[in-house]
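Each chain, letter by letter, is given below.
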Amino acid sequence: MKKFSLYLVAFALLAAPAFAQDGWHSLFDGKSLDGWKFSDKEGSFKVEDGAIVVNGLRSHLFYVGDVEKHNFKNFELKAKVMTFASANSGIYFHTEFQQDGWPSKGFESQINNSMKKEPRMTGSLYQVDDVNTDKLKELGAKDEVWFDYYIKVQGDNVLIKINDKVAVNWTQPKGFGGPDGSTGRVLSSGTFAIQAHDPGSKVLVKDIMVKPLK
């Protein structure tokens, strides 16, 4: 009986997801949009082959699940992203659910590898610390290839990495009031959101993980 119990314990340890042991939590189950809520009109987000497909009219998919009661201040976030030609999207943080329009609270970390009309490329902290095409080449993010997206917020610092290469390392200055009068674009706390920009833009996102920090 004791030997059987040891087998059960060993099996449980082997079966436990790795992120449960080092502080990482999954925000997406790979099968459904449980724990997420979309704004604007329905139809811009669906799940296929273990990834969130982002394609359609403007909408934002907000995390509203149980982890940290969807309110994060200091954290590490990582995900795998794939873009297609002329894709334009982004991952918001420190935001909150908003039924219509572009989120007015929080920051957008940009996803754009090839949309020429938008000069802010993948890895940009939108309108705050922007990545240009030359920097994008160094980061190695390309259309139709999965790349790693990483965001860390600790105190007044925002670190964004693409494929483990630093895209942005920005510290919010004292008295910062947001770019171009966008007063909600300051570090605070909040949830995450994925942006559907327009019907001509297609992006895949999967393996979305967060590690809350003190």
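For clarity, every value in this text was computed on a predicted model and none was experimentally measured.

(A) Seen up close, the overall build of the protein. Assigned secondary structure in the protein consists of two helices and 13 strands. Taken over C-alpha atoms, the radius of gyration comes to 18 Å for the protein, in line with the 17 Å a tight globule of 214 residues would show. C-alpha extents for the protein along the principal axes are approximately 70 × 40 × 35 Å. Looking at the protein residue by residue over its 214 residues, the buried ones come to 43%. In the protein, the share of contacts with a sequence separation of at least 24, taken over all contacts with a separation of at least 6, comes to 66%. Summing over all exposed atoms, the protein offers an accessible surface of approximately 11,200 Å²; the carbon and sulfur share of this is 53%. Looking at charge distribution, the protein has the averaged site of its 27 positive side-chain charges lying 5 Å from that of its 26 negative ones.

(B) Seen up close, the nonpolar core. Grouped together as the largest cluster of nonpolar side chains are 43 residues, with contacts concentrated most on Phe93 and Ile208. If we skip the residues at most four places from it in the chain, Phe93 touches Phe75, Gly106, Phe107, Leu125, Ile151, Val153, Val158, Leu187, Thr191 and Phe192.

(C) The arrangement of the sheet that holds strand β7 (residues 89-95) in detail. Read across the open sheet, the five strands follow the order β2-β5-β12-β7-β8; overall the sheet is antiparallel. Each edge of the open sheet carries a strand with a single partner, namely β2 (36-38) and β8 (107-111). Averaged over all adjacent pairs, the angle separating strand axes in this sheet is 20°, with direction ignored. As defined by bridge partners, β7 adjoins strand β12 (residues 191-196) across three bridges and the pair is classed as antiparallel. Residue pairing in the sheet places Thr95 in a bridge with Thr191 of β12.

Cut-offs used in this document
- Residues numbered from 1 in each chain as written.
- Predicted model: local features only at pLDDT ≥ 70, side-chain atom pairs only at ≥ 80, totals over all residues.
- Heavy atoms only, no water.
- Helix = DSSP H or I, 4+ residues; strand = E, 2+ residues; numbered from the N terminus.
- Rg over C-alpha atoms; globule rule 2.2 N^0.38 Å.
- Buried < 20%, exposed > 50% of the residue type's maximum accessible area, 1.4 Å probe, protein only.
- Contact = heavy atoms within 4.5 Å.
- Areas by Shrake-Rupley, 256 points an atom, 1.4 Å probe, with all protein chains shown as cover.
- Lys, Arg positive; Asp, Glu negative; His and termini not counted.
- Charge placed at Lys NZ, Arg CZ, Asp CG, Glu CD.
- Core = buried A, V, L, I, M, F, W, Y, C linked by side-chain atoms within 4.5 Å.
- Pairing = 2+ DSSP bridges.
- Axes fitted to C-alpha atoms, helices over the stretch in contact; angles between N-to-C directions.

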